[in-house]
Amino acid sequence: MTKSPMNKFPTTHLHPLEKASALESRIRLVLQNPGRILKRYIHSGMTVLDLGCGTGYFTLEIAKLLEKKGKVIAADVQKGMLDLLIHKLENSELKKQIQIHNNQENTLNVTEKLDFILAFYSFHEMKYIGSIINELQKTIKPGTRILISEQKFHVSKCAFNTIVQKMENIGFEICKRPKIFLSRSVIMKVS
């Protein structure tokens, strides 16, 4: 794999829409259960960004954890992935709490202040990671937390640490390193 000259990450690629069903396999539900991973971080009344939400594997659980108060912004650059999420929400009460957001590769374009950001297996897919992180800086407030998780076999320790360093540069500090199956993960908060 070649490395992009702009960062320490292998050349980025988006998860193919044709393989979207792999994001929601039964095995993944057992090994990376969204409720189990998020229940201690998401609470009623929060505004949450699911950054690189894909088909909404975590989005739906976030909406449930908000208990009809608060909102989740489901952001992705792939309209096809968002269309799959919209289809899932057709007859769901959860759609009242989910804002679908089709951002561009180089800009997030979210202006709301966020309580929590979920970046689960998403930073490594970003071509303009520096631009997105700089935009995240505009959405944070004291106490904002972020869960960053990347696949161990897909993202090197060095690349993961570079993501963490970029977040530290905009005011986040590490507060936990949760154990998530086959992942490098960190919880960071704005001090």
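Only a predicted model underlies this, so the values are computations on that prediction, with no experimental measurement involved.

Visitor: Which residues make up a nonpolar patch on the surface, and what are the values?
Guide: Judged by side-chain polarity, I27, L31, F153, F181 and L182 come together as a nonpolar surface patch covering roughly 550 Å² of accessible area. Checked against the element boundaries, L182 lands in the loop between β6 (172–176) and β7 (183–190).

Visitor: I'd love a proper account of the sheet that holds strand β5 (residues 145–151), names of residues and values included.
Guide: Spatial ordering of the open sheet is given by β3-β2-β1-β4-β5-β7-β6, a layout of seven strands whose pairing is mixed. Every interior strand has two partners, whereas the edge strands, β3 (98–102) and β6, have only one. Recorded for the sheet is a direction-independent mean angle of 20 degrees between the axes of neighbouring strands. Across five bridges, strand β2 (residues 71–76) lies against β3 in parallel orientation. What sits directly across from D76, in β3, is N102.

Visitor: Residue-level account of the side chain of D76, with values.
Guide: Relative to the elements of secondary structure, D76 occurs in strand β2. One polar contact links the side chain of D76 to the main-chain amide nitrogen of G54, over a distance of 2.7 Å. Residue contacts for D76: discarding those within four places in its chain leaves G52, C53, G54, L82, H101, N102 and N103.

Visitor: Pulling in residues and values, what's your account of a positive patch on the surface?
Guide: The grouping of R36, K39, R40 and K176 at the surface amounts to a positive patch. Among the structural elements, R40 can be located in the loop between α2 (34–38) and β1 (47–51).

The rules behind each value
Residues numbered from 1 in each chain as written. Predicted model: local features only at pLDDT ≥ 70, side-chain atom pairs only at ≥ 80, totals over all residues. Heavy atoms only, no water. Patch = residues over 30% accessible without salt bridge, like charges linked within 9 Å, V, L, I, M, F, W, Y side chains within 5 Å. Areas by Shrake-Rupley, 256 points an atom, 1.4 Å probe, with all protein chains shown as cover. Salt bridge = Lys/Arg side-chain N within 4 Å of Asp/Glu carboxyl O. Helix = DSSP H or I, 4+ residues; strand = E, 2+ residues; numbered from the N terminus. Pairing = 2+ DSSP bridges. Axes fitted to C-alpha atoms, helices over the stretch in contact; angles between N-to-C directions. Polar contact = N/O pair within 3.5 Å; in protein donor to acceptor, adjacent residues only side chain to side chain. Contact = heavy atoms within 4.5 Å. Lys, Arg positive; Asp, Glu negative; His and termini not counted. Charge placed at Lys NZ, Arg CZ, Asp CG, Glu CD.

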